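Chain residues, written in single-letter form:
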Amino acid sequence: MSKEPVAVTGIGQTHHVAARRDVSIAGLVREAAGRALEDAQLTWADIDAVVIGKAPDFFEGVMMPELYLADALGAVGKPMLRVHTAGSVGGSTALVAANLVAARVHRTVLTLAFEKQSESNAMWGLSLPIPFQQPLLAGAGGFFAPHIRAYMRRTGAPDTIGSLVAYKDRRNALKNPYAHLHETGLTLEKVQASPMLWDPVRYSETCPSSDGACAMILTDRTGAARAPHPPAWVHGGAMRSEPTLFAGKDFVSPQAGKDCAADVYRQAGITDPRREIDAVEMYVPFSWYEPMWLENLGFAEEGEGWKLTESGVTELDGDLPVNPSGGVLSTNPIGASGMLRFAEAALQVRGRAGEHQVDGARRALGHAYGGGSQFFSMWLVGAEPPAV
């Protein structure tokens, strides 16, 4: 028996900010879920199951929060699943929900991811002590900066590439009313003059710390036929993982990322991603990861990713727009950041991305990664149903 086609018929997110003092975690997730239901013109009674995800519980200090969030998400008496794959969890959560529909376990599923970073300190939560070593790392940037340096050495990329990405994404964010950072006076010169945090990553080239949530309604063909707006159809989705450290690991271009992308492209019938995909929502917490992932995901040959960035290909009006929403560099509720990439890709092919809509977008890729470049989740969505 073939899989049931999966459609995204509702998308909702909060306005992302540094601190949502006005709501609890329950209030935050219900806000996003309510907007997704409104977009799909459904009620809580129409939802068969809920799949929720977030980053490590110690970020807020609330263990297993899904247990007390069931009431806020209309899940009392219904199946509810929790997913966790570090920073890629938002994407993985969406894929688990999609698989439940594809396998005909449930017909309509609410999937949601969130983070309320203001109630913790993720920077130091990620500065984990390593036995018998000096504490030289500070936050995720301290872990990833050496890998960026390795990319620069390997490819000969000029040190201005990171600032070009940051300037692009922050300008895109000005067109996204839900984005956290709206830096109206930002210039390329200001990005390049911002303080160095983790060489070569500057302050303006790193992601913010956000409170926020994202939700989607996934349904089958029957549910899609009843939807009030054009749905996004899931053409392919996959997850891959590898250890944080092992002999021969390539931190610049992890094999798990390559394998995950190849699987998604195979499912979607994509043979030339550079030409066949219209927009990419890519998980870029530090600006240099745009050219690195362009290579890892098959959009550029090894050593050539930075040239796409430098030539303007990834601009909103380029022929491969990357992060038209402003991306993780502009909005980063960690647990939801991956789902935001998936949701924004779906908004593009639904033609409902507002001011940051890519003209004529018919197929878009959502991408997330987490941990020490070890967890990957991706989906490719289209405006038309997948071929059976």
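Cut-offs used in this document
Residues numbered from 1 in each chain as written. Predicted model: local features only at pLDDT ≥ 70, side-chain atom pairs only at ≥ 80, totals over all residues. Heavy atoms only, no water. Phe/Tyr/Trp six-rings, centres within 6.5 Å; stacked < 30°, edge-to-face > 60°. Helix = DSSP H or I, 4+ residues; strand = E, 2+ residues; numbered from the N terminus. Buried < 20%, exposed > 50% of the residue type's maximum accessible area, 1.4 Å probe, protein only. UniProt positions renumbered as here; feature names shortened; annotations may be inferred. Salt bridge = Lys/Arg side-chain N within 4 Å of Asp/Glu carboxyl O. Pairing = 2+ DSSP bridges.

Undergrad: Mind showing me how you'd approach the packing of aromatic side chains here?
TA: Think of a pair of aromatic rings as described by two things: how far the centres are apart, and how the planes are tilted against each other in angle. Applying the stated criterion to the full structure yields 15 aromatic pairs. For the ring pair Tyr289 and Trp293, a centre distance of 5.2 Å and an interplane angle of 50 degrees mean the geometry is tilted. You can see Tyr289 and its partner Trp293 sitting in helix 11 (residues 289–296), four residues apart, about one turn around the helix. Take Tyr289 and Trp293: they sit in the same class, and that class is buried. For the ring pair Tyr289 and Tyr369, a centre distance of 5.6 Å and an interplane angle of 20 degrees mean the geometry is stacked. On the criterion of sequence distance, the pair formed by Tyr289 in helix 11 and Tyr369 in strand 10 (residues 363–370) is long-range, its members being 80 residues apart. You'll find Tyr289 and Tyr369 in the same group, each marked buried. One aromatic cluster is present, built from ring pairs that chain together Phe143, Phe144, Trp198, Phe251, Tyr283, Phe286, Tyr289, Trp293, Tyr369 and Phe376.

Undergrad: Looking at this structure, how should I read the UniProt feature "domain: Thiolase C-terminal" (unreviewed entry) in the chain?
TA: Within this numbering scheme, the UniProt entry marks residues 243–372 as carrying the feature "domain: Thiolase C-terminal" (unreviewed entry). The distance from the first to the last C-alpha atom of residues 243–372 is 8 Å, and the span holds 38% helix and 8% strand.

Undergrad: Is there a simple way to explain the pattern of salt bridges in this structure?
TA: A pair can form between side chains of opposite charge whenever their charged atoms are brought close. Under the criterion given, the structure shown has 29 salt bridges. Linking Arg171 and Glu315 is a salt bridge whose minimum nitrogen-to-oxygen distance equals 3.2 Å. Of the two residues, Arg171 sits in helix 6 (residues 161–173) while Glu315 sits in the loop between helix 12 (305–310) and helix 13 (334–350), which places them 144 residues apart along the sequence. The class for Arg171 is partly exposed, based on a relative accessible area of 30%. Given a relative accessible area of 22%, Glu315 falls into the partly exposed group. Connected via shared salt-bridge partners are Lys54, Asp57, Glu60, Glu66, Arg82 and Glu115.

Undergrad: Can you walk me through the pairing of strand 7 (residues 211–219) in this structure?
TA: Regular strands place side chains that alternate from one sheet face to the opposite one. Burial runs high along strand 7: nine of the nine residues are buried. What you see with strand 7 is no split at all: Asp211, Ala213, Ala215, Ile217 and Thr219 on one side and Gly212, Cys214, Met216 and Leu218 on the other are buried throughout. Bridge analysis of strand 1 (residues 7–13) against strand 7 gives six bridges, and the strand direction is antiparallel. Bridge pairing in strand 7 places Ala7 opposite Thr219. With nine bridges connecting them, strand 4 (residues 108–116) and strand 7 associate as antiparallel partners. Counted as the bridge partner of Leu112 is Ala215 from strand 7.

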